[in-house]
Amino acid sequence: MTVSKTPEDFSRLPLGDAPAGAGERVKVLFPLPLFKAYDYLLPPGATARVGAFVKAPFGPREVFGVVWHGLPDEAVPAAKLKTIAEVLSAPPLSADLIDFIDWTAHYTMFPAGSVLRMVMRSGDGLAAPARQTGYVLGAPPEGAPIRMTPQRQAVLDAAGAEPKSASALAAEAGVSDAVVRGLAKLGALARVEIDPDPPFAEPDLTRPGHDLSEDQQFAAEQLRRHIENGQHATTLIDGVTGSGKTEVYLEAVAAALARDALAQVVILIPEIALTLPFLKRVAKRFGGEPAPWHSELTSAARRRTWRRVADGSARLVVGARSALFLPFQKLKLIIVDEEHDGAYKQGDGVIYHARDLAVARGARAHFPVVLASATPSLETVVNVDEGRYEAVGLAARHAGAAMPDIALVDMRSTPAGPGRWLSPPLVEAVNVRLSVDEQSLLFLNRRGYAPLTLCRRCGHKMTAPNSDTMLVEHRFENRLVCHHTGFSMPKPKACPACNAVDGLAPCGPGVERVAEEARARWPQATIAILSSDTAGARAMREILDAMYDGAIDILIATQVVAKGHHFPNLTFVGVVDADLGLSGGDLRAAERTYQLLSQVTGRAGREAKPGRALLQTYQTKAPVLTALVSGARDEFLAAEAVSRRGLGFPPYGRLAAIILRGQDERALQACAQAHRAAIPAADGIEVWGPAPAPIYRLRGEARIRFLVKAQRNMDIQRFIKAWIGRVKMKAAIRRVVDIDPYSFL
Ligand code: ADP
């Protein structure tokens, strides 16, 4: 994506600084799927500037909204306008953020109100929460000695000068809240007020980072220069896993925070499981944990981060893609770690790509953006080649650790044997690691036991109800689960189609099935499975910690293990099915396979002991696999670039998908035909479709897709707007526009 290609009809909108006064008209945008802001009157005695949060009547309710820019329609008589109920004291949204909301709405073609909704999602952050009562050690009145019990003593031992809530104290002492309250009544504990959203520690910028290598210093210097210039530049840090990219961008973070005492910085990371160790690492660097932001935070933790970002006191945020929509007052640097990662694309609600939006945000608000990756996306590589982005390279692993030695296992000449998935060379490699007390990782990007359940008698495939998606057996829970819709059911004894009993057979392996084989083969070894089914962040963390400590011999895992983790004693990675992901009509299939396998093999040998990886494949000549073996990443990318250029695919052309869906297939077909008939003629733009989506039925709805392919210099949004504006939609059909689609299902 190129931000400079902003269409001319979208310009930075003037944001008045002077607050409007009582009785004046203002526009208000609500966090609802609305394309425009509505006119309101300010109540007597109130002033509000653009960005201020308000509560205003909307339909039958009062709704939180934001004073928006734009001129109210003076022709409407004031008597017809409703009056804002309340102007909130929460800090107003910054002009930069308002501009970003508008730009995002324009680019993604979603309503501005829906984008605002992402910013306001933590709505309870708008009002300061009630103060809580905390307890500290008190001085009991003289002459009234307190009868000590073991419970009371435990509470007093747990209490100190730092205030703690009754429940926290009680939990620590292993007693009930009543014991705490009783001690307070007697004066042995004193009550104090505590802020439920305490500020985050100010980053300590006097702490030195590691001594940087020459490469790292050069890279850090370049980033610092951009920060000192105070201008926008996007810089890619390109270096193999473990080369010290994180150390380098933490220097840029320090520089941005030091340059401006109010500056805020966000580091985006793709994987929630990585947040905890990452927060600790950042805490070590800056002397205090940064503000976290991801979907697994408790609502109280979300509110704390939201409020502290909004009041400007949280200066460093580490979060998932949605952290981009936090209410920053003065955002001055965005880091996108693992910029190639598919997790940056949000597919529900407002569909966006956080890396692309991060670059747009930096470009519009004039601050630097840093992308880091060992396997940058072709989009980014082309942006570097064409001079839009800069690049700094880190050539080697830090402290001389070598890259793993990667080889292919030809499954045609060395098969695993019937009903088995691990070939003799792979088994031998694990044997060697077990004999020298080193760890192995067996990687298979498939959750559950078997991806397909088939009736041996009639050939019936088990699918989710009203969907064309396969049910995946999860043997541990004895259930069949749909990974697309979330549907699950106990595994039936009989085939629902032909009633044959015990005829349902699992086909193909998932991690659970590989683990079954591994347990049978290596009964003495400690074996663990890790996938997104591993319930909860804590359980996942425990397995990762055990792996880090060397307590697990063989870890069998999906892609949750691919990113960022550092296991000192892991020296072997076996990829059970390297062909998975190579097939299918996805234009990025090869690129993604390269990224994933290079990340996962990069887990091996990150310290002194050398690492090795074996990739099991039936396609030993596949260019992506031979490139992995020879480490010829740039050549692989160059070949990908040639083929994408030939097809006019991204990044050499632009794509957008229009997806229509509904329960009534006839109405859906008619709607698709109406769209077909309305396609405007435009040079340089083609529309493919309508075509049934590869997963045609999902949750009872049928889905039909169009794909718009445009030359890079075309304004694809303008074309789509003109097109879909001609089609009258029926209420029963939903239409979604996906600009720059990454999924074609
Ligand atoms: P990347 O982000 O490229 O994967 P990291 O920044 O995580 O690499 O570095 C890999 C490991 O090497 C980490 O444990 C990190 O602390 C260490 N490391 C990197 N650079 C230095 C340095 N200059 N001095 C000391 N340790 C370093």
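Along each chain, residues carry numbers from 1 onward, in the same order as the chain's sequence is written. Side-chain atom pairs in this predicted model are given and counted only at pLDDT of 80 or more, local residue features only at pLDDT of at least 70, and totals for whole chains, interfaces and linings cover all residues. Hydrogens and water are ignored here; the side-chain numbers use all heavy atoms of the structure.

Trainee: Hey, could you go over the environment of Pro77 for me, with residue numbers and the actual values?
Mentor: Each helix is a run of DSSP H or I of at least 4 residues and each strand a run of E of at least 2, with the numbering of both proceeding from the N terminus. The topology assignment puts Pro77 in the loop between strand S4 (61-68) and strand S5 (86-87). With relative accessibility at 45%, the residue Pro77 sits in the partly exposed group. C-alpha of Pro77 to C-alpha of Val576: the two residues are 499 residues apart in sequence and 71 Å apart in space. Burial classes: relative accessible area under 20% of the type maximum marks a residue as buried, over 50% as exposed, and values in between as partly exposed (1.4 Å probe, protein chains only).

Trainee: Talk me through the pattern of salt bridges; I want residue IDs and the actual numbers.
Mentor: What counts as a salt bridge is simple: a side-chain nitrogen of Lys or Arg found within 4 Å of a carboxyl oxygen of Asp or Glu. This model, assessed by the stated rule, comprises 39 salt bridges. For Asp405, the salt bridge identified is with Arg612, shortest N-O distance 2.6 Å. With a gap of 207 residues between them, Asp405 in strand S17 (residues 405-410) and Arg612 in strand S27 (residues 612-617) connect regions that are remote in the sequence. Look at Arg612 and you get partly exposed, because its relative accessible area is 28%. For Asp502, the salt bridge identified is with Lys493, shortest N-O distance 3.7 Å. The exposed category is assigned to Lys493, whose relative accessible area is 60%.

Trainee: Got a sec to walk through the site of the ligand? Specific residues and values, please.
Mentor: A single heavy atom is enough: if one lies within 4 Å of a molecule or strand, its residue is considered near that molecule or strand. Around the ligand lies a shell of 14 residues, among which Asp211, Gly242, Lys245, Thr246 and Arg281 are the nearest. Pairs of N or O atoms within 3.5 Å make up the polar contacts considered here, provided that, within protein, one atom can donate a hydrogen while the other can accept it, and that residues adjacent in sequence are counted only when both atoms are side-chain atoms. At 3.2 Å from an oxygen atom of the ligand is found a main-chain nitrogen or oxygen belonging to Ser243. Arg281 places a side-chain nitrogen or oxygen 2.8 Å from an oxygen atom of the ligand. Per-residue and other accessible areas follow the Shrake-Rupley method at a 1.4 Å probe size, with only the shown protein chains counted as cover for residues. Protein burial of the ligand: of its 550 Å² of free accessible surface, 77% is covered by the chains. Of the residues forming the shell around the ligand, the biggest block, three residues, is contributed by helix H7 (residues 245-259).

Trainee: I'd love a proper account of the sheet that holds strand S16 (residues 390-394), names of residues and values included.
Mentor: Ordered by their spatial adjacency, seven strands build an open sheet running S10-S11-S9-S12-S15-S8-S16, and the pairing between neighbours is parallel. Across the chains shown, the open sheet's two edge strands, defined by having one partner strand only, are strand S10 (291-293) and S16. Strand-to-strand twist across the sheet, computed as the mean angle between neighbouring axes with direction ignored, equals 20 degrees. By definition, two strands form a pair when at least two bridges between them are found by DSSP. For strand S8 (residues 234-239) and S16, the ladder comprises five bridges, and the chain directions are parallel. What sits directly across from Gly239, in S16, is Leu394. In what follows, a contact means two residues having at least one pair of non-hydrogen atoms within 4.5 Å. Axis definition: a line fitted to C-alpha atoms, over the contacting stretch in the case of helices. Angles run 0 to 180 degrees between N-to-C directions. Contacting S8, strand S12 (331-337), strand S15 (369-373) and S16, helix H6 (residues 214-229) runs over the sheet at an angle of about 155 degrees to S16.

Trainee: Before we move on, can you summarise the sheet that holds strand S3 (residues 53-58) with the specific residues and values?
Mentor: The five strands are arranged S2-S1-S4-S3-S5 in an open sheet whose pairing can be described as antiparallel. In this open sheet, the two edge strands, each paired with only one partner strand, are strand S2 (38-41) and S5. Pairing analysis gives two bridges linking S3 to S5, with the strands arranged antiparallel. Residue pairing across strands places Val54 opposite Val87, the latter belonging to S5.

Trainee: Give me the nonpolar core: which residues, what numbers.
Mentor: Burial of nonpolar side chains together is a common tendency in soluble globular proteins. Counting residues in hydrophobic clusters, the biggest one holds 86 residues, and the most contacted among them are Val708, Ile720 and Trp723. Among the elements that line this core, the one with the most residues is helix H1 (residues 95-108), at seven residues. Contact partners of Trp723, with chain neighbours within four places excluded, come to Ile658, His675, Ala678, Ile679, Pro680, Val687, Phe706 and Val708. Working definition of a nonpolar core: buried Ala, Val, Leu, Ile, Met, Phe, Trp, Tyr and Cys residues. They are joined through side-chain atoms within 4.5 Å. Of all hydrophobic cores here, the second largest spans 35 residues; its members include Ile406, Phe443, Leu544 and Leu570.

Trainee: Kindly report on the side chain of His226, identifying the contributing residues and their values.
Mentor: Turning to its location among the elements, His226 is positioned in helix H6. The contacts of His226, once residues within four sequence positions are left out, are Gln231, Ala233, Thr235, Pro368 and Glu390.

Trainee: Now, about the packing of aromatic side chains: what can you tell me, with residues and values included?
Mentor: Under the pairing criterion, centres of Phe, Tyr and Trp rings, with the six-membered ring standing for Trp, must be within 6.5 Å; the plane angle then separates stacked pairs below 30 degrees from edge-to-face pairs above 60, leaving the rest tilted. Here the structure, examined in full by the defined rule, presents 11 aromatic pairs. Ring geometry for Phe30 versus Tyr40: centroids 5.8 Å apart, planes at 75 degrees, classification edge-to-face. Of the two residues, Phe30 is situated in the loop between strand S1 (25-29) and S2 and Tyr40 in strand S2; the sequence distance between them amounts to 10 residues. Residue Phe30 shares its accessibility class with Tyr40, and that shared class is buried. A centroid spacing of 5.6 Å and a plane angle of 65 degrees characterise the contact between Tyr38 and Phe58, whose relative ring orientation is edge-to-face.

Trainee: I'd like a description of the confidence of the model for the protein chain, backed by residues and values.
Mentor: Think of pLDDT as the predictor's per-residue confidence, scored from 0 to 100. A residue-level look at the protein chain finds 95% of positions with pLDDT of 70 or above and a mean pLDDT of 89. Per-element mean pLDDT across the protein chain ranges from 84 in helix H14 (residues 536-548) up to 98 in strand S9 (residues 264-268). Confidence over residues 1-16 falls short of pLDDT 50; this stretch has 36 contacts with residues more than four positions distant or in other chains.

Trainee: So what's going on with the environment of Phe476? Which residues, and what values?
Mentor: Among the secondary structure elements, Phe476 is positioned in the loop between strand S20 (472-474) and strand S21 (479-481). Each C-alpha atom, one on Phe476 and one on Ile267, is 37 Å from the other, the two residues being 209 residues apart in sequence.

Trainee: Residue-level account of unusual backbone geometry, with values.
Mentor: Here Pro650 and Pro651 are connected by a cis peptide whose omega angle stands at 5 degrees. Along the chain, Pro651 falls in the loop between helix H17 (633-647) and strand S28 (653-662). Backbone geometry places Arg699, a non-glycine residue, at a positive phi of 50 degrees. Mapped onto the secondary structure, Arg699 falls in the loop between strand S29 (685-698) and strand S30 (701-711).

Trainee: Can you break down the pairing of S9 residue by residue, with the values?
Mentor: Counting buried residues along S9, five of its five residues qualify, which places the element largely inside the surrounding structure. Here S9 shows no split at all, with Gln264, Val266 and Leu268 on one side and Val265 and Ile267 on the other all buried. The pairing of S9 with S12 spans five bridges and is classified as parallel. Across the sheet, residue Gln264 finds its bridge partner in S12, namely Leu331. Bridge analysis of S9 against strand S11 (residues 316-319) gives four bridges, and the strand direction is parallel. In the strand pairing of S11, Val265 is matched with Leu316.

Trainee: Lay out the packing of helix H3 (residues 150-158) against helix H4 (residues 166-173) with the relevant residues and their values.
Mentor: Between two packed helices, the angle of one axis relative to the other and the distance separating the axes together describe the packing. Close contact between H3 and H4 brings their axes to 8 Å; oriented N to C, the two are set at 115 degrees. Note that H3 runs across H4; the crossing there is right-handed. Listed contacts from H4 to Ala154, Val155 and Ala158 of H3 are Leu169, Glu172 and Ala173. Within the contact of H3 with H4, the residues separate by chemical class into five nonpolar, no polar and one charged. Left-handed describes a crossing in which the near helix is turned anticlockwise from the far one by less than a right angle; the clockwise case is right-handed. Amino acids outside the nonpolar list (Ala, Val, Leu, Ile, Met, Phe, Trp, Tyr, Cys, Pro) and the charged list (Asp, Glu, Lys, Arg) are all regarded as polar, and Gly is one of them.

Trainee: Mind laying out the packing of H6 against H7, listing which residues take part and the relevant values?
Mentor: Between H6 and H7, the shortest axis-to-axis distance is 9 Å and the interhelical angle comes to 25 degrees. It follows that H6 is roughly parallel to H7 by the angle criterion. Note that H6 runs across H7; the crossing there is right-handed. Packed against H6, whose contacting residues are Gln216, Ala219, Ala220, Leu223, Arg224, Ile227, Glu228 and Asn229, the element H7 presents Glu247, Val248, Tyr249, Glu251, Ala252, Ala255, Ala256 and Arg259 at the interface. The cut-offs work like this: below 35 degrees is roughly parallel, past 145 is roughly antiparallel, 65 to 115 is roughly perpendicular, and the gaps in between are oblique.

Trainee: Help me get a handle on the domain arrangement of the protein chain, residues and values and all.
Mentor: Domain boundaries assigned for the protein chain yield domain 1 (25-120), domain 2 (132-194), domain 3 (214-399), domain 4 (401-446 + 509-640) and domain 5 (653-739). Bear in mind that the domain bounds are from an automatic or database domain assignment. Relative placement of domain 1 and domain 5: their C-alpha centres are 31 Å apart. Across the boundary between the two partners, domain 1 contributes five residues, which contact seven residues of domain 5. Summed over both partners, buried area is the accessible surface (1.4 Å probe) that two parts give up on being assembled. Here domain 1 meets domain 5 over a buried area of about 500 Å², counting both sides, of which 69% is carbon and sulfur. Contact with domain 5 buries area across many residues of domain 1, yet Tyr107, Met109 and Phe110 alone supply 82% of it, more than any other trio. One can count zero salt bridges joining domain 1 with domain 5. Linking domain 1 to domain 5 there are two residue pairs in polar contact (both at pLDDT 80 or more). Looking at side-chain class alone, the side of domain 1 that touches domain 5 contains three nonpolar, two polar and no charged residues.

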